[in-house]
Amino acid sequence: MAAKKGQQPLWLPIALFLLLLVLVGVAVVLELGGSNKQSRPPVSQHVTPPPAHHATRQPQPAAPHAPEPVKKTIPPPTPAAPVAEPAAPVPVMPVTPATGIAFILDDAGYDIPALQRLLRLNIPIAVSVIPDAPFARKSALVAHQAGQMVMLHLPMEPESKKYRLRMSPAFLASTMDRTKIRSTFLHDLALVPYVEGVNNHMGSALTQLQQPMQWVMQVCREKGLFFVDSKTSPHSVAARAASEAGIERASRAFFLDHDVEPLPLKQAWEKARTCAKAGRRCIVIGHPHPETVAFLEQNLTDEDRAHIVPLRSMLTPANTPPHLESMVPEGYEEP
């Protein structure tokens, strides 16, 4: 049916109503969507680590902690201690050398059978070996194996022109400087094993000279050797140089066999006996002469054996003050 003229069509209100419903629905949908966006939690940028059994990263060491500053505690000042009085010097108590007879066998190194006969006397003997003798080393070995002391019989320049012309390269001479004295001494020392001390062979000229004797004693001190002055000259300064060097030392009292005839041998031995009975240090030097060996084999008594002591016990101890050196006097006879 056609609408009347001037009257609205029926479908128009219906269309407007439907349009309004659509607009309301759109508005509701938009409102709900906005509300959902506000209530949803924000997406985190943190990546969730994989489960423990899939982890491959090594644990990182903890950062070191900075040490706390140490507070220094300054102690209160202490009162100054009173100055102590200097202690009184402790008196030196020297080791008193033994008295009696000490026997040194000089010139060993040439006659082994004579040496062996003397060793069979069963008395303390210091065997002094000439370094360049043909049997020097063997003599030292024989003496050492018998439990006896070995010494170096150090060759030194004599006064006699005849003997100066016979000096071997083993001799220390007055023309040598310190370096040559030292090297010759050390070379001689290397030729004789088991050396504990030294005494001079000849040396009536060199032992009078202070400078060479000081050089000799310096080597003795360095090597821990004692020195016995054979006193081949009454003007020897060797013992004094040994004292100044602070080494163990002693001096010869008697030569047993300066003359190898029976009567002079007997007289020399009687002097040694008298010296020992007087409570002195009596160092006797003998040589492996056939006459000397036979004399000792035939004349040693039990009393003699009781008076014979090891040479070591008769030495003046190292660093003994000079004023105490004469506590036990040494016997002495001019050469």
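Residues numbered from 1 in each chain as written. Predicted model: local features only at pLDDT ≥ 70, side-chain atom pairs only at ≥ 80, totals over all residues. Heavy atoms only, no water.

> Let's hear about unusual backbone geometry: which residues, and what values?
Despite not being glycine, D107 has its phi angle at roughly 60 degrees, a positive value. When you line up the elements, D107 lands in strand β1 (residues 100–108). The backbone of N319 shows a phi angle near 60 degrees, a positive value even though the residue is not glycine. The topology assignment puts N319 in the segment after α10 (302–307). Exposure remark for N319: the relative accessible area of 56% places this residue in the exposed category. (Helix = DSSP H or I, 4+ residues; strand = E, 2+ residues; numbered from the N terminus. Buried < 20%, exposed > 50% of the residue type's maximum accessible area, 1.4 Å probe, protein only.)

> Give me the pairing of β1: which residues, what numbers.
Among the nine residues in β1, nine count as buried, and that is most of the element. In this structure, β1 lies alongside strand β8 (residues 281–286), joined through six bridges in parallel fashion. Residue pairing across strands places G100 opposite R281, the latter belonging to β8. Both β1 and strand β2 (residues 125–129) contribute to a ladder of four bridges, which runs parallel. (Pairing = 2+ DSSP bridges.)

> Before we move on, could you go through the pattern of salt bridges and cite the residues and values that matter?
Counted by the stated rule, this structure contains eight salt bridges. Its salt-bridge partner being R117, residue E297 comes within 2.6 Å of it at the nearest N-O pair. With E297 in helix α9 (residues 290–299) and R117 in helix α2 (residues 112–119), this residue pair connects regions lying 180 residues apart in the sequence. With a relative accessible area of 38%, E297 lands in the partly exposed category. Among the residues examined, R117 registers a relative accessible area of 31% and is labelled partly exposed. Across the pair E270 and R273 runs a salt bridge whose closest N-O atoms are separated by 2.6 Å. With E270 and R273 both in helix α8 (residues 262–277) and three residues apart, the pair spans about one turn of that helix. Using a relative accessible area of 34% as the deciding quantity, one classes E270 as partly exposed. Owing to a relative accessible area of 18%, R273 belongs among the buried residues under this scheme. One connected set of salt bridges, linked through shared partners, spans R182, E222 and K223. (Salt bridge = Lys/Arg side-chain N within 4 Å of Asp/Glu carboxyl O.)

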